[in-house]
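What the coordinates show
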Amino acid sequence: MFAVHLLAFYVSKLKEDQIKKVDRFLYHMRLSDDTLLDLMTRFQGEMEKGLGRDTHPTACVKMLPTFVRSIPDGSEKGEFLALDLGGSKFRVLTVQVSGEGKRNVHMESQFYPTPEEIVQGSSSQLFDYVADCVADFMKTRNMTHKKLPLGLTFSFPCHQTALEEGILLSWTKKFKVRGAQDTNVVSSLSKSLKRHKDIDVDVLALVNDTVATMMTCAYDDPYCEVGVIIGTGTNACYMEDMSNIDLVEGDEGRMCINTEWGAFGEDGSLEDIRTEFDREIDLGSINPGKQLFEKMISGLYLGELVRLILLKMTKAGLLFRGEKSSVLFTKGKIETRHVAAMEKYKEGLQNTREILRELGLEPSEEDCVAVQHVCTIVSFRSANLLAAALAAILTRLRENKKLTRLRTTVGVDGTLYKTHPQYPKRLHKVVRKLVPNCDVRFLLSESGSAKGAAMVTAVAARLQAQRKLINEVLSQFQLSREHLVSVKNKMRAEMDYGLKKATQPLATVKMLPTYVCSMPDGTEKGKYLALDLGGTNFRVLLVKISSGRRSVRMYNKIFAIPLEIMQGTGEELFDHIVHCIADFLDYMGIKGASSLPLGFTFSFPCKQTGLDKGILLEWTKGFKATDCEGEDVVEMLREAIKRRNEFELDIVAVVNDTVGTMMTCGYEDPDCEIGLIAGTGSNVCYMEEMSNIELVDGDEGKMCINTEWGGFGDNGCLDEIRTQYDVEVDEGSLNPGKQRYEKMTSGMYLGEIVRQILIDLTKHGLLFRGKISERLRTRGIFETKFLSQIESDRLALLQVRRILQQLGLDSTCDDSIVVKEVCGAVSRRAAQLCGAGLAAIVEKRREDRKAERLKITVGVDGTLFKLHPHFSRILRETVKDLAPQCDVTFMLSEDGSGKGAALITAVAKRLQLRKDN
């Protein structure tokens with residue numbers, strides 16, 4: 001028993017001594033955690049250089065755009081050919097992909113050799129040979145009658161300018177084909193394929209083997225957004241945000257970047273960790289000074305690294321008793337498969353002994369232990385280096401997504417990863433140690449990169465078909481200049497109808513006189529109450545105006561109008577308004593004050609017969625209170641004040657919010673004589689010549705006209721530009737057939753139009769994986785604020801996804817791009833329509849003044865104009881284009897229409913005082 005323990009101790013001590021001996025000899029090949037973290041940082045810097053337009057030419061890590069913009073979503077279908085060219089043999093496949101989310105792929109393939117004379121020959125020889133093999137493959141499977149798209153996996157660095165275009169930058173591995181570098185390999189292959197008149201093949205996609213690996217794994221796992229090859233060569237790709245890729249136009253979405261990380265270190269940045277053995281490997285290669293990172297990692301070089309180390313150790317008398325063997329002097333005698341066999345968990349030492357003997361060596365037990373440990377250090381260093389670069393990519397993904405923790409999958413292929421017994425677990429362990437804030441799954445690509453080429457082709461075909469359908473839908477919202485001129489002319493005609501006594505009853509633009517006949521002149525002064533009712537919030541204000549200094553101080557309080565009040569009885573609504581006034585007077589401590597003049601901003605269509613008389617024509621914006629339409633709202637307010645019997649108020653004026661906006665801006669700018677609301681609702685008012693207003697007696701001076709242009713188109717004159725989505729929104733509204741122009745231009749409806757489009761696109765399988773969620777079925781979920789946020793130029797697609805997720809819509813990155821496009825098309829049309837209508841008004845003012853050129857200011861209020869990132873710009877551009885002889889200034893109303901109501905009241909009091917005197 002003692003003898004057994006003694007033997008075990010001896011073996012253990014023997015191993016320990018040999019391991020220490022090798023560790024000392026290969027000290028520089030052992031990489032500390034700090035060194036790996038430093039390498040991560042260096043690689044991140046190289047990635048940045050490769051992505052930058054100015055730094056890309058000098059970057060070693062080229063970060064090549066692949067024009068692969070999407071991973072599979074499971075809906076791909078069809079039959080595709082695939083070619084996998086990049087090693088000692090290549091493969092031709094037919095790939096049958098089933099759709100409808102089944103994720104089912106059927107493949108048939110055949111391998112063809114790549115003879116030495118082909119890989120060392122001319123470009124035409126290579127591609128003619130490949131085309132011959134494709135033709136042979138199709139003939140043997142009776143496929144010559146089919147027209148098939150082909151995806152080419154081409155495992156060499158290419159500069160791509162499109163998915164089906166790739167300029168070969170350099171050969172790697174053992175390829176040295178003449179005349180191919182700096183040429184388009186897809187064109188070369190297509191030209192060779194065309195020689196075969198009996199087959200019809202269209203090359204749709206050029207893919208790197210790394211990209212193909214990612215796409216293969218992404219078909220099975222949607223979280224896969226990184227691909228790594230660890231085989232004869234090594235490389236990685238990942239999905240990068242378009243906004244970070246300077247080399248490609250566009251900021252929307254993502255694109256797969258082929259890092260070509262094998263060249264990392266060609267600028268000398270890895271010299272501190274390269275060893276004499278790495279330098280010797282490089283000098284003896286067919287591309288000295290190139291692919292330095294790859295030469296420290298990949299299967300083509302690991303066996304040779306081991307040979308060079310063993311040779312030097314033998315020369316130093318540390319192995320094989322110092323006896324040199326011709327095998328150790330022969331390049332390529334030790335291969336990576338030998339390294340893998342020698343590192344097997346249990347039989348590794350036995351394998352080592354057998355392999356060394358096969359190579360003509362007579363190893364001792366100590367030699368076998370030492371050689372095995374050399375293999376371990378070389379392959380462990382490979383895994384460490386690869387882990388550092390991969391950790392840099394994962395960190396970039398996490399930071400791009402602004403996540404504290406990332407869940408992702410890395411698709412992996414390559415013989416080193418597949419056949420080396422220790423490599424995967426070493427790699428996984430180091431990656432997880434370097435990026436503890438990433439939950440990483442490693443998924444082995446079982447079907448090879450050729451399947452990935454077919455998947456890229458299938459995705460490209462799907463996106464092409466989807467894009468065609470999406471463009472067809474969105475083209476309905478694209479208005480030509482002829483359309484906009486027509487809208488302007490029709491608006492002008494409707495305005496003229498509305499101003500004439502004979503045609504006004506039939507006009508859709510009602511052109512309601514407001515009895516506001518003067519703008520502020522700066523002499524107004526005093527205290528005024530103002531009410532502002534036009535949405536779900538109701539505001540009461542106290543406005544103090546100082547004479548001469550154009551100084552206004554305001555105090556206000558906002559009150560909610562519950563839905564049951566909005567849609568209850570008129571008496572309940574006005575009692576609620578008076579209750580809010582009482583609350584405000586208490587709040588301000590002025591309930592007992594003498595009767596204050598009051599201006600009432602009432603943002604609904606009214607027919608006025610005086611400044612303080614307004615008959616409600618119809619409710620809009622969701623209000624449905626009964627017994628109000630056809631009634632004087634000022635009288636209803638006065639009756640409610642009497643019922644409360646707590647205070648008296650002098651109601652001087654009832655005004656539309658649009659008029660209030662114009663008056664607020666007119667107080668600051670004498671050129672302001674148009675008011676525009678572009679918010680929940682849409683409306684315009686302007687100062688019209690009294691001589692043109694047949695509905696009111698008198699020809700002298702001007703009067704503000706409340707156009708109530710929201711009803712424009714109710715007679716069908718806009719039907720040629722209305723879409724099925726406008727019709728659906730209209731039919732589902734509280735007032736079908738009414739306010740058609742407003743329903744195409746205002747914030748209350750734009751989100752609903754978007755929702756209807758999204759439902760239609762989802763039904764066609766173009767969004768949300770074809771599943772219409774309950775949230776998407778919910779009317780009103782798309783508020784204007786979401787459109788404004790989604791269309792923000794500063795908002796990354798990831799944030800768009802978060803907004804959609806808040807709305808209960810589980811979107812992909814591609815979904816987010818489409819949703820943003822839909823929002824943009826709907827809001828752009830709204831701004832253009834609004835601009836065309838406004839152009840009709842400013843042109844009318846110019847003609848009425850008989851001016852060759854008009855300078856005029858438009859006072860504007862409303863959340864759509866204020867908060868939407870593009871609405872105001874498009875509106876301005878449209879007005880400028882359609883009214884080129886008008887210099888239009890847009891002035892934002894900072895204080896809202898409540899201040900305007902107080903100013904109208906103040907102007908009325910000033911005019912009354914002047915009249916009385």
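All values reported here derive from a predicted model rather than from experimental measurement.

Turning to the packing of helix α4 (residues 123-140) against helix α5 (residues 185-194), a few remarks are in order. Where α4 contacts α5, the axes come no closer than 8 Å and their chain directions differ by 55°. The angle between the axes of α4 and α5 places the two elements in the oblique class. Here α4 and α5 pass one another in a crossing that is right-handed. Where α4 approaches α5, its residues S123, F127, D128, V130, A131 and V134 are matched on the opposing element by V185, S188, L189, S192 and L193. Of the residues that constitute the contact of α4 with α5, the class distribution is seven nonpolar, three polar and one charged.

For the protein chain, per-residue confidence averages 88 on the pLDDT scale, and 96% of positions sit at 70 or higher. Across the protein chain, the secondary-structure element scoring lowest on mean pLDDT is helix α1 (residues 2-25), at 61, and the one scoring highest is helix α27 (residues 871-882), at 97.

A few words now on empty space enclosed by the protein. Evaluated as defined, the whole model comprises five cavities of 30 Å³ or more. The space that makes up the largest cavity amounts to roughly 90 Å³. Forming the walls of the largest cavity are 15 residues, and the residues nearest its centre are K621, S682, N683, E708 and E742. Tallied by class, residues from the lining of the largest cavity come to three nonpolar, eight polar and four charged.

What follows is about the packing of helix α11 (residues 365-400) against helix α13 (residues 423-434). Two elements in contact, α11 and α13, have axes separated by 8 Å at closest approach and are oriented at 40°. Relative to α13, the element α11 lies oblique. Of the two elements, α11 crosses α13, and the hand of that crossing is right-handed. For the pair α11 and α13, contact is made by T376, S379, F380, S382, A383, N384, L386, A387, A388, L390, A391 and L394 and by Y423, R426, L427, V430, V431 and L434, respectively. For the contact of α11 with α13, the per-class residue count stands at 13 nonpolar, four polar and one charged.

Tracing the chain through its elements places H196 in the loop between α5 and β8 (200-207). In this structure the side chain of H196 is engaged in a polar contact, spanning 2.8 Å, whose partner is the side chain of D132. Each residue touching H196, except ones within four places of it in the same chain, is listed here: A131, D132 and A135.

In this section: α5. Burial runs high along α5: seven of the ten residues are buried. By the burial criterion, the buried members of α5 are V185, V186, S188, L189, S190, S192 and L193. Its buried side turned inward, α5 meets β2 (78-85), α4, β5 (147-154), β6 (158-162), β7 (165-168) and β8. By the N-cap criterion, in which a side-chain oxygen at the helix start approaches the backbone nitrogen of a residue two or three places on, α5 is capped by N184, the distance to V186 being 3.0 Å.

Let us now look at the sheet that holds β2. Read from one edge of the open sheet, five strands run β4-β3-β2-β5-β8, paired in mixed fashion. Edge strands, defined here as strands with exactly one partner in the open sheet, are β4 (104-113) and β8. In this sheet, neighbouring strand axes are inclined to one another by 25° on average, regardless of whether the strands run parallel or antiparallel. Where β5 meets β8, seven bridges bridge the pair, whose relative direction is parallel. Paired with K147 across the strands is D200, a residue of β8. Its contacts with the sheet put α4 on β2, β3 (89-98), β4, β5 and β8, and the angle it makes with β4 is roughly 130°.

This paragraph deals with the sheet that holds strand β9 (residues 224-230). Reading across the sheet, the six strands line up as β1-β11-β10-β9-β12-β13 and stay open at both edges, with mixed pairing between neighbours. Of all strands in the sheet, those with a lone pairing partner are β1 (64-65) and β13 (438-444), marking the two edges. One ladder, built from five bridges, connects β9 with strand β12 (residues 406-413); its direction is parallel. In the sheet register, I229 faces β12, and the bridge partner there is D413. Each of β9, β10 (234-241), β11 (254-258), β12 and β13 touches helix α6 (residues 209-220); the most contacted strand, β9, lies at about 130° to it. Packed onto the sheet, α11 meets β9, β10, β11, β12 and β13 and runs at close to 5° relative to β10.

What follows covers a negative patch on the surface. On the surface, E571, E572, D627 and E631 cluster together into a negatively charged patch. Along the chain, E572 turns up in helix α17 (residues 570-588). Given the relative accessible area of 41%, E572 is considered partly exposed.

One pass over the full model with this rule turns up 23 aromatic pairs. An angle of 70° between the planes, with centres 5.2 Å apart, marks the rings of F712 and Y741 as edge-to-face. Note that F712 is positioned in the loop between β24 (702-706) and α20 (724-731) and Y741 in helix α21 (residues 740-745), a separation of 29 residues in sequence. When its relative accessible area of 0% is taken as the criterion, F712 is described as buried. On the basis of relative accessibility, which here comes to 0%, the residue Y741 falls in the buried class.

A complete count under the given rule lists 63 salt bridges for this structure. For the salt bridge of E343 with R426, the shortest nitrogen-to-oxygen distance reads 2.8 Å. Taken together, the residues span a long stretch of sequence, with E343 in the loop between α9 (336-342) and α10 (348-358) and R426 in helix α13 at a distance of 83 residues. Taken individually, E343 and R426 each receive the classification buried, so the pair is uniform in this respect. As a salt-bridge pair, E365 and R353 come within 2.7 Å of each other at their nearest N and O atoms. Here E365 is found in helix α11, whereas its partner R353 is found in helix α10, with twelve residues between them in sequence. On the accessibility criterion, E365 (36% relative accessible area) is partly exposed. Connected via shared salt-bridge partners are E673, E688, E689, K702, K844, R845, D848 and R849.

Calculation criteria
Residues numbered from 1 in each chain as written. Predicted model: local features only at pLDDT ≥ 70, side-chain atom pairs only at ≥ 80, totals over all residues. Heavy atoms only, no water. Axes fitted to C-alpha atoms, helices over the stretch in contact; angles between N-to-C directions. Helix = DSSP H or I, 4+ residues; strand = E, 2+ residues; numbered from the N terminus. Parallel < 35°, antiparallel > 145°, perpendicular 65-115°, else oblique. Left-handed = near helix turned anticlockwise from the far one by under 90°. Contact = heavy atoms within 4.5 Å. Nonpolar A, V, L, I, M, F, W, Y, C, P; charged D, E, K, R; others polar. pLDDT = per-residue confidence, 0-100. 1 Å grid on protein atoms, 1.4 Å probe; cavity = no way out; pocket = protein on both sides within 12 Å on 5 of 7 lines; lining within 4 Å. Points joined across faces, edges and corners; volume = space filled by probe spheres on them. Polar contact = N/O pair within 3.5 Å; in protein donor to acceptor, adjacent residues only side chain to side chain. Buried < 20%, exposed > 50% of the residue type's maximum accessible area, 1.4 Å probe, protein only. Pairing = 2+ DSSP bridges. Patch = residues over 30% accessible without salt bridge, like charges linked within 9 Å, V, L, I, M, F, W, Y side chains within 5 Å. Areas by Shrake-Rupley, 256 points an atom, 1.4 Å probe, with all protein chains shown as cover. Salt bridge = Lys/Arg side-chain N within 4 Å of Asp/Glu carboxyl O. Lys, Arg positive; Asp, Glu negative; His and termini not counted. Charge placed at Lys NZ, Arg CZ, Asp CG, Glu CD. Phe/Tyr/Trp six-rings, centres within 6.5 Å; stacked < 30°, edge-to-face > 60°.

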